[in-house]
Amino acid sequence: MKKSLIIDCHGHYTTAPKALEEWRNRQIAGIKDPALMPKVADLKISDDELRESIETNQLRLMKERGSDITLFSPRASFMAHHIGDFNVSSTWAAICNELCYRVSQLFPDNFVPVAMLPQSPGVDPATCIPELEKCVKEYGNVGINLNPDPSGGHWTSPPLSDKHWYPIYEKMVEYDIPAMIHVSTSCNACFHTTGAHYLNADTTAFMQCLTSDLFKDFPTLRFLIPHGGGAVPYHWGRFRGLAQELKKPLLSEHLLNNIYFDTCVYHQPGIDLLNTVIPVKNVLFASEMIGAVRGIDPETGNYYDDTKRYIEASKILSADDRHQIYEANVRRVFPRLDARLKAKSL
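So, here is what we can say about the structure in this document. (Residues numbered from 1 in each chain as written. Predicted model: local features only at pLDDT ≥ 70, side-chain atom pairs only at ≥ 80, totals over all residues. Heavy atoms only, no water.)

## Section: the overall build of the chain
What the chain contains, in helices and strands, is 15 helices and nine strands. Its C-alpha radius of gyration of 19 Å places the chain within 12% of the 20 Å reference for a compact globule of 346 residues. On the principal axes, the C-alpha backbone points of the chain span a range of 60 × 45 × 45 Å. The 346 residues of the chain split such that 54% are buried. Contacts spanning at least 24 positions in sequence make up 76% of the contacts within the chain whose residues lie at least 6 apart. (Helix = DSSP H or I, 4+ residues; strand = E, 2+ residues; numbered from the N terminus. Rg over C-alpha atoms; globule rule 2.2 N^0.38 Å. Buried < 20%, exposed > 50% of the residue type's maximum accessible area, 1.4 Å probe, protein only. Contact = heavy atoms within 4.5 Å.)

What follows is the structure, given as C-alpha cells:
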C-alpha cells in the first residue's frame, strides 16, 4: 500500500495577523456608534504577513508532526454570530473566508479552504447562500462550517432537523459539500466555550438527528461532528437504546451513512474508545491544531493535540484502518477535495 496522505479535516486560522482582531474590535465598537464602523478597505494584511503567520505556526507543526494537508476555516470562536446583525456577520464572514482563501493560494499544497457562514440569530439561513456559493465557486471551498446555535449558548434556533435549515442543506446537496457542525463563542456564563459549549453542541447535534428523519429528506447530506463527537462515543449504548425506544432504525442505518466524527480527542484512551465504538468508515483524521488545547501532556511529554501519535499508537487499528482515517474517508466525505487532489495526480 502506498503511503497515505495525512489530511487534517479540522483546522482553523487561529494565528491570523493581529490586524484582523483589531479590525473586528472596531467593527464591534461600530455597532453602538456607527461613526466608529470601519470600512473593509481599512483592513490591510499583506501576503508576507499571511505567510509568516502560517509558516511559523501551522505549517511548521504540520511538518514536525507529519501531516500533509489541512482543511482550513476561519477561527471558530471568532465567528461569534451572536454579535451584531446579519450585515455585521456578512461582512465579517466575507473577510475571514477571503483570508483562508488567500492562505490556500499561498500554500496550495498544504491548505484547502472551508467556509464559515454569515449566520445571525433569528435570521433565515437562506441569507447565507450567496456567501456559500461564492466560496464554493470562486474560492474552491470543499466544505462549510455550520453553527447550530448562532445565539452563542442560548439555543434559540430550531433543531438541525427543522425545515428552517433546509435551504442550506439543499445547497450542500447541490454542491456535494459536507458541513462540520461547529458552534462558536459561548456568551452564556454556564457554558465554557471550548470545554462545555463545543462538546455540548457536538452531542446535541447528534441527538437532534437521532430523533428525526432528516436523512430521509436528504439521503446524501453529510455532517462531520467534531471533537470526536462530544459525548456520543462514550454513551453509544444510551443513544442506541434511545433510538430503540423511539422506534428508529439501528444507528448504523439511521445515522452512520450521513454522520462522521473527527479525531480531535486529546488522549490515547479517548481515541481508542472512539475507534472501538464508531466504525472506522465514520472516523476522519483531525487535530484542530493550533486550537483549544495547545499545551504538553505531562504524562506523555507530547502535545495534547498531536493526534497522529494516538492513531499510530493504537493497538486496534490495522494499516488499512489508518489509511481510511488519514486519507480515504476524508476524500469520500469531501468529494471536492478528492477531485482537487486527483487533478494533481494525488
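Next, the rest of the story.
## Here we look at the sheet that holds strand E1 (residues 7-13)
The pairing of strands in a sheet happens through backbone hydrogen bonds and is either parallel or antiparallel. The sheet built from three strands is open, its strands ordered E1-E2-E3 with parallel pairing. With one partner strand each, in any of the chains shown, E1 and strand E3 (111-113) form the two edges of the open sheet. Direction aside, neighbouring strands of the sheet carry axes that sit 35 degrees apart on average. Bridge analysis of E1 against strand E2 (residues 69-74) gives five bridges, and the strand direction is parallel. Looking at E2, one finds that His12 is bridged to Ser73. Along the sheet face, helix H14 (residues 319-333) touches E1 and E2 and points at about 75 degrees away from the line of E1. (Pairing = 2+ DSSP bridges. Axes fitted to C-alpha atoms, helices over the stretch in contact; angles between N-to-C directions.)

## Observations concerning the sheet that holds strand E7 (residues 223-225)
The strand order across the open sheet built from six strands is E4-E5-E6-E7-E8-E9, with neighbouring strands paired in parallel fashion. Two strands lie at the open edges of the sheet, namely strand E4 (115-116) and strand E9 (283-284), each paired on one side alone. In this structure, strand E8 (residues 259-262) lies alongside E9, joined through two bridges in parallel fashion. Residue Phe261 lies in a different strand from E9, and its bridge partner there is Val283.

## Things to note about the pairing of E2
Of all the six residues making up E2, six are buried; the element is thus mostly covered by neighbouring parts of the structure. Pairing analysis gives three bridges linking E2 to E3, with the strands arranged parallel. Across the sheet, Leu71 pairs through a bridge with Val112, a residue of E3.

## A word on the environment of Thr263
As for its placement among the helices and strands, Thr263 is situated in the loop between E8 and helix H12 (268-277). Taking the C-alpha atoms as reference, Thr263 lies 8.8 Å from Gly229; in sequence the two are 34 residues apart. When residues no more than four places from it in sequence are discounted, the contact partners of Thr263 are Ile271, Leu274, Val283, Leu284, Phe285, Ala286, Thr307, Ile311 and Ile325.

## Observations concerning the packing of aromatic side chains
For the coordinates displayed, the defined rule picks out 14 aromatic pairs. Aromatic side chains Phe285 and Tyr326 sit 5.4 Å apart centroid to centroid with 75 degrees between the ring planes, which places their arrangement in the edge-to-face category. With Phe285 in the loop between E9 and helix H13 (307-313) and Tyr326 in helix H14, this pair connects stretches of sequence that are 41 residues apart. For the pair Phe285 and Tyr326, a shared accessibility class is recorded, and that class is buried. Every member of this aromatic cluster is reached through a ring pair, and the members are Tyr166, Tyr169, Phe215, Phe218 and Phe223. (Phe/Tyr/Trp six-rings, centres within 6.5 Å; stacked < 30°, edge-to-face > 60°.)

## A look at the environment of Asn188
Counting through the fold element by element, Asn188 comes out in the loop between strand E6 (179-181) and helix H8 (193-210). In this structure Asn188 touches Gly152, Gly153 and His154, once residues within four positions along its chain are discounted. Polar side-chain contacts of Asn188 include one of 3.1 Å to the backbone oxygen of Gly153. (Polar contact = N/O pair within 3.5 Å; in protein donor to acceptor, adjacent residues only side chain to side chain.)

## Regarding helix H1 (residues 18-32)
Spanning 15 residues, H1 covers 23 Å between terminal C-alpha atoms, matching the ideal 21 Å at 1.5 Å per step. Those residues of H1 that sit buried are Leu20, Trp23, Arg24, Gln27 and Gly30. Along the axis of H1, the buried residues cluster in a sector spanning 115 degrees; they form a single face. For H1, the exposed residues set more than 90 degrees away from the buried face come down to Lys18, Glu22 and Lys32. Against helix H4 (76-79) and helix H5 (86-106) lie the buried residues of H1. (Expected span 1.5 Å × (residues − 1). Arc of directions from axis to C-beta.)

## Focus on the pattern of salt bridges
If you walk through the whole model with that rule in mind, you get 15 salt bridges. Among the salt bridges present, the one from Glu131 reaches Lys134, with a minimum N-O distance of 3.0 Å. You can see Glu131 and its partner Lys134 sitting in helix H6 (residues 129-137), three residues apart, about one turn around the helix. Judged by its relative accessible area of 9%, Glu131 falls in the buried class. Ionic pairing is found between Glu133 and Lys171, a salt bridge with its closest N-O pair at 2.8 Å. Of the two residues, Glu133 sits in helix H6 while Lys171 sits in helix H7 (residues 166-175), which places them 38 residues apart along the sequence. Among the residues examined, Lys171 registers a relative accessible area of 17% and is labelled buried. Here the residues in one salt-bridge network are Glu327, Arg331, Asp338 and Lys342, joined through shared partners. (Salt bridge = Lys/Arg side-chain N within 4 Å of Asp/Glu carboxyl O.)

## Describing H8
Look at H8: 24 Å from first C-alpha to last across 18 residues, which is about the 26 Å you get at 1.5 Å a residue. Inspection of H8 places Thr193, Ala196, His197, Tyr198, Ala201, Asp202, Thr203, Ala205, Phe206, Gln208, Cys209 and Leu210 among the buried residues, and these make up the whole buried set.

## A look at the packing of H14 against helix H15 (residues 335-343)
One can describe the packing of H14 onto H15 by two numbers: an axis separation of 5 Å at closest approach and a directional angle of 115 degrees. The angle between the axes of H14 and H15 places the two elements in the roughly perpendicular class. From H14, Val330, Arg331, Arg332 and Val333 reach across to H15, where they touch Pro335, Leu337, Asp338, Leu341 and Lys342. Tallied by class, residues from the contact of H14 with H15 come to five nonpolar, no polar and four charged. (Parallel < 35°, antiparallel > 145°, perpendicular 65-115°, else oblique. Nonpolar A, V, L, I, M, F, W, Y, C, P; charged D, E, K, R; others polar.)

That is the geometry; function is a separate question.
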